[in-house]
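Topology and contacts: notes
Here is how the chains run, residue by residue.
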Amino acid sequence: MIPLLSLDGVSRIYRQRRGLLGRGVPLRAVDDISLSVAPGLTLGVVGESGCGKSTTGRLALGLETPDSGRVTFRGAVMPPPDGAEWRSQRRHLQLVPQDPLGALDRRLTVAAQIAEPLLIHGIGNRGEREDRLAALLNDVGLRADQAARYPHELSGGQRQRAVLARALATSPALLVCDEPVSALDVSIQAQVINMLTDLQAARGIAMIFISHDLKVVRQVSHEVAVMYLGRVVEQGDPDAIFADPLHPYARALVSAIPVPGPRRLPRIVLSGDPPNPADRPAGCAFHPRCSLATAQCRVEEPGLIARADGRRVACHRADELARASA
Ligand code: SF4
């Protein structure tokens, strides 16, 4: 299927200042990643905090410009942020943020904020905007009297519904959902996820779903990319990855998902935190935490290699692991 949005060989490098007068040290937040998402489908992006998944989302939205590589939307290179071309394209690409209270303006009613993108993009006349607002409230399960309130007067689940309605207002082709339910109770999470996937299916919206919660990612994704220290280390079909992950980092993440009954994978506890991206280990960046690391892993960086089942894995020992689990 022709992708709606692609990131090809994309890197984003920040400068981390050391000391008051120190020169900035390059911090590769995203390092040479290639991902795409097709219309109506969901790409799940998972990894620990600081792995580059939120920066990937910002690159996909065009909020950041890659230092190398390119982002294309509907076949055209993403225009620079804040230009007129980007602003007009923005209606097709919307963000569903993690923190709805932070994303909403406390001084405006929820209804005013849901309708705001229609005004910004000049969509419809007053009557049409009112009709559109009513339809959006209905889509996300908010009543008109709830929308007439201010954000702090709503529950966390209601605020997340409001943020989703605002993101849907311009009928976007792509939603980037950055930890959209991580601040919600588990019971509310399920409601919001079901609503999100129903709306996606009804409207053919593509999604990039960013989360550290693999259980949720598995539920919503058609393809999954596991990121570690700015790079994709395993990518492919969620069923294959969640049933039998090949990269040791992906194995550790999957082994931590709570499951009823006996586990297929023994629980793997990762030691330590991810290294500082400004001080990336030589060879495989995961080697300081990998119980399977060899001398080769300490000096030679593994490439992201396509496998017969369509997955891509960046590990020198992926073949051994595949044979062992066959
Ligand atoms: Fe572990 Fe080596 Fe594979 Fe890296 S390349 S994940 S260190 S086995």
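Heads up: the structure comes first, above all this text.
Overview of the structure. Predicted model only: the values in this text are computed from it and were never measured.

Digging into the overall build of the protein chain
Of the regular secondary structure elements, the protein chain holds 13 helices and 12 strands. The C-alpha atoms of the protein chain give 21 Å as radius of gyration, which agrees with the globular expectation for 326 residues (20 Å, within 12%). For the C-alpha atoms alone, the extent of the protein chain along its principal axes is close to 70 × 55 × 40 Å. Expressed as a percentage of the 326 residues in the protein chain, the buried residues total 48%. The long-range fraction of contacts in the protein chain, counting pairs at least 24 apart against all pairs at least 6 apart in sequence, stands at 64%. Split by element, the accessible area of the protein chain, about 15,400 Å² in all, is 52% carbon and sulfur.

Re the packing of aromatic side chains
A ring pair, where both rings are aromatic, is described by two values, the distance of the centres and the angle of the planes. Under the counting rule described, the total for this entry stands at 3 aromatic pairs. Measuring from ring centre to ring centre gives 4.6 Å for Tyr228 and Tyr249, while their planes differ by 55 degrees; the resulting arrangement is tilted. In this pair, Tyr228 sits in strand β9 (residues 223-228) while Tyr249 sits in helix α11 (residues 248-255), placing the two residues 21 residues apart along the sequence. You'll find Tyr228 and Tyr249 in the same group, each marked buried. Here Tyr228 and Phe286 contribute two aromatic rings whose centre-to-centre distance is 5.1 Å and whose plane-to-plane angle is 85 degrees, an arrangement assigned as edge-to-face. In this pair, Tyr228 sits in strand β9 while Phe286 sits in the loop between α11 and α12 (295-299), placing the two residues 58 residues apart along the sequence.

What about the site of the ligand?
Residues in contact with the ligand amount to 13 residues; listed here are only the nearest, Cys284, Cys290, Cys297, Cys315 and His316. Considering only residue class, the shell around the ligand consists of 9 nonpolar, 3 polar and 1 charged.

Quick notes on the sheet that holds strand β11 (residues 305-306)
Reading across from one edge, β6-β7-β8-β3-β9-β10-β12-β11 is the order of the 8 strands in this open sheet, with mixed pairing throughout. Both outer strands of the open sheet, β6 (93-96) and β11, are each paired with one neighbouring strand and no more. Bridge count for strand β3 (residues 42-46) against strand β8 (residues 206-211) is 5 bridges, and the pairing is parallel. Across the sheet, Thr42 pairs through a bridge with Met207, a residue of β8.

Focus on helix α7 (residues 156-168)
For α7, with 13 residues, the first-to-last C-alpha span of 18 Å sits near the 18 Å given by 1.5 Å per residue. Among the residues of α7, Gly157, Gln158, Arg159, Gln160, Arg161, Ala162, Val163, Leu164, Ala165, Ala167 and Leu168 are the ones counted as buried.

Focus on the pattern of salt bridges
Evaluation of the coordinates by the stated rule reveals 20 salt bridges. Between Arg12 and Glu64 there is a salt bridge, with its nearest N and O atoms 2.6 Å apart. With a gap of 52 residues between them, Arg12 in strand β1 (residues 5-17) and Glu64 in the loop between α1 (53-61) and β4 (68-73) connect regions that are remote in the sequence. With respect to burial, Arg12 and Glu64 carry one shared label: buried. Taken together, the shared-partner salt bridges connect Arg28, Asp31, Arg231, Arg280 and Glu301 into one network.

Focus on the sheet that holds β1
Each strand in a sheet pairs with its neighbour through backbone hydrogen bonds, running either in the same direction (parallel) or in the opposite one (antiparallel). Spatial ordering of the open sheet is given by β2-β1-β4-β5, a layout of 4 strands whose pairing is antiparallel. Each end of this open sheet is capped by a strand with a single partner; those strands are β2 (24-37) and β5 (76-77). As paired elements, β1 and β4 share 5 bridges and run antiparallel to each other. Its bridge partner lying in β4, Leu5 is registered against Phe73. Lying over the sheet, α1 contacts β1, β2 and β4, oriented at roughly 120 degrees with respect to β1.

Focus: the pairing of strand β10 (residues 231-236)
With respect to burial, β10 is a largely interior element, 5 of its 6 residues being buried. Relative to β10, β9 runs antiparallel, the two being bridged by 5 bridges. For Ala225, the partnering residue across the bridge sits in β10 and is Gln235. Hairpin remark: β9 followed by β10, antiparallel, with 2 residues in the connecting loop; positive phi at Leu229, about 50 degrees.

Details of the nonpolar core
Counting residues in hydrophobic clusters, the biggest one holds 56 residues, and the most contacted among them are Ile114, Val140, Leu164, Leu168, Leu175, Phe209 and Val226. If we skip the residues at most four places from it in the chain, Phe209 touches Thr42, Leu43, Gly44, Val45, Cys177, Pro180, Ile193, Leu196, Val216, Val217 and Val220. Counting 28 residues, the second largest nonpolar core, distinct from the first, contains Leu5, Val45, Val71 and Leu174.

Quick notes on the rules
Residues numbered from 1 in each chain as written. Predicted model: local features only at pLDDT ≥ 70, side-chain atom pairs only at ≥ 80, totals over all residues. Heavy atoms only, no water. Helix = DSSP H or I, 4+ residues; strand = E, 2+ residues; numbered from the N terminus. Rg over C-alpha atoms; globule rule 2.2 N^0.38 Å. Buried < 20%, exposed > 50% of the residue type's maximum accessible area, 1.4 Å probe, protein only. Contact = heavy atoms within 4.5 Å. Areas by Shrake-Rupley, 256 points an atom, 1.4 Å probe, with all protein chains shown as cover. Phe/Tyr/Trp six-rings, centres within 6.5 Å; stacked < 30°, edge-to-face > 60°. Near = heavy atom within 4 Å. Nonpolar A, V, L, I, M, F, W, Y, C, P; charged D, E, K, R; others polar. Pairing = 2+ DSSP bridges. Expected span 1.5 Å × (residues − 1). Salt bridge = Lys/Arg side-chain N within 4 Å of Asp/Glu carboxyl O. Axes fitted to C-alpha atoms, helices over the stretch in contact; angles between N-to-C directions. Core = buried A, V, L, I, M, F, W, Y, C linked by side-chain atoms within 4.5 Å.

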